Amino acid sequence: MKKNALRIGAVLLSSALLSTLVAPAHSHVSVVPGVSAAGNTTDALTVGRNNTINFRVGHGCSLEKDVIHPKTRKVVASAAIDKFATQAFTVTIPKSAMGEAGATFPRPAFVPGWRTTAKKNEDGSVTIKWRAISNDFALPNGPAGDTGASMYFDFGVRVAFSSATRGQRVSFVAQQTCLVDLPRANGFPASKLPIYETWDGTADGADTVLDNNGRGPAPTVTVNP
Ligand SMILES: [Cu+2]
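To start, this report covers the structure provided alongside it. It should be emphasised that the depicted structure is a prediction, and the values quoted were computed from it without experimental measurement.

Digging into the sheet that holds strand β15 (residues 213-217)
And step 1. Pairing is mixed across the open sheet formed by six strands, whose spatial order is β9-β10-β7-β13-β14-β15. Edge positions in the sheet fall to β9 (114-120) and β15, since each has one partner strand and no second. Across the sheet, the mean angle separating the axes of adjacent strands is 20° when strand polarity is ignored.

Right under this line is the structure:
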């Protein structure tokens, strides 16, 4: 989606206030600091403390172009109307959030009904993936009914910000995978077409490729100085 996220200028705010200022947008994917066992949200973004952060998914996937059935050539999903449930969510934790040596593996929160995997990448970063074990557990775009509002969910991860991140912005590439049903047709078995919302950029509005992989800003936090 290419909604403009609300942006707040932080020029006049003290550093104490700054620690609470993270990705104010209500939609897209943003980082929300977790509450520590001591009951504060400062530890989450402070080097050397328990850095528990949550990735808030604000809505499901939209289409950039209609999905045409490969066999019948009929429109099976409309870009103007249809939204899709999130079946999988991935987030990549950079080495700068994996301790001083870049070797403290992130600890994903358990989400009932979702299977969790963690994979180490070539560059030493770790990608965490949560996948709904069935359609019933997928995160819907919105509640059933007629209000048209979307739903959100927070995927938690405990990371370990390294000293080098003090006062710095740290971004986490994230991606939602949704599935479009392609019904069975003459010689064509029923199947599912994956579509994506990829959060790996710095700004909205740059995605002009109609590939049903929407691109948006990466969730980002500023670590306390
Ligand atoms: Cu959005």
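Describing the pattern of salt bridges
And step 1. Tallied over the entire structure, the rule returns four salt bridges.
And step 2. One salt bridge in this structure joins Arg49 and Asp43, with 2.7 Å as the shortest N-O distance.
And step 3. Owing to a relative accessible area of 45%, Arg49 belongs among the partly exposed residues under this scheme.
And step 4. What makes Asp43 buried here is its relative accessible area of 13%.
And step 5. Residues Arg56 and Asp154 are paired through a salt bridge, measuring 2.7 Å at the closest nitrogen-oxygen approach. Of this pair, Arg56 sits in strand β2 (residues 51-57) while Asp154 sits in strand β11 (residues 153-159); the two residues are 98 residues apart in sequence, bridging distant segments of the chain.
And step 6. According to the relative accessible area criterion, Arg56 is partly exposed, its value standing at 24%.

What to know about the coordination of the copper ion
And step 1. For the copper ion, the full set of protein donor atoms is His28 (ND1) and His59 (NE2), at a range of 2.0 to 2.1 Å. Of the two residues, His28 is situated in the loop between α1 (15-18) and β1 (29-33) and His59 in the loop between β2 and β3 (61-62); the sequence distance between them amounts to 31 residues.
And step 2. Among the residues examined, His59 registers a relative accessible area of 2% and is labelled buried.

Things to note about the sheet that holds β1
And step 1. Strand order in the open sheet made by the four strands is β1-β2-β11-β8, with antiparallel pairing throughout. Of all the strands in the sheet, just β1 and β8 (107-108) have a single pairing partner and so form its edges.

Let's talk about the packing of aromatic side chains
And step 1. Within this structure, the stated rule accounts for six aromatic pairs.
And step 2. Pairing Trp130 with Phe155 gives two aromatic rings, centres 5.0 Å apart and planes at 45°, and the pair type is tilted. Taken together, the residues span a long stretch of sequence, with Trp130 in strand β10 (residues 126-132) and Phe155 in strand β11 at a distance of 25 residues. No difference in accessibility class separates Trp130 from Phe155, as the two residues are buried.
And step 3. For the pair Phe153 and Phe155, a centre-to-centre distance of 5.0 Å together with 80° between the ring planes defines the contact as edge-to-face.
And step 4. Given the relative accessible area of 0%, Phe155 is considered buried.
And step 5. Three or more aromatic residues link up through ring pairs in this structure, and these residues are Phe89, Trp114, Trp130, Phe153 and Phe155.

Rules of the game
Residues numbered from 1 in each chain as written. Predicted model: local features only at pLDDT ≥ 70, side-chain atom pairs only at ≥ 80, totals over all residues. Heavy atoms only, no water. Pairing = 2+ DSSP bridges. Helix = DSSP H or I, 4+ residues; strand = E, 2+ residues; numbered from the N terminus. Axes fitted to C-alpha atoms, helices over the stretch in contact; angles between N-to-C directions. Salt bridge = Lys/Arg side-chain N within 4 Å of Asp/Glu carboxyl O. Buried < 20%, exposed > 50% of the residue type's maximum accessible area, 1.4 Å probe, protein only. Donors = N, O, S within 2.8 Å, 3.2 Å for Na, K, Ca; no water. Phe/Tyr/Trp six-rings, centres within 6.5 Å; stacked < 30°, edge-to-face > 60°.

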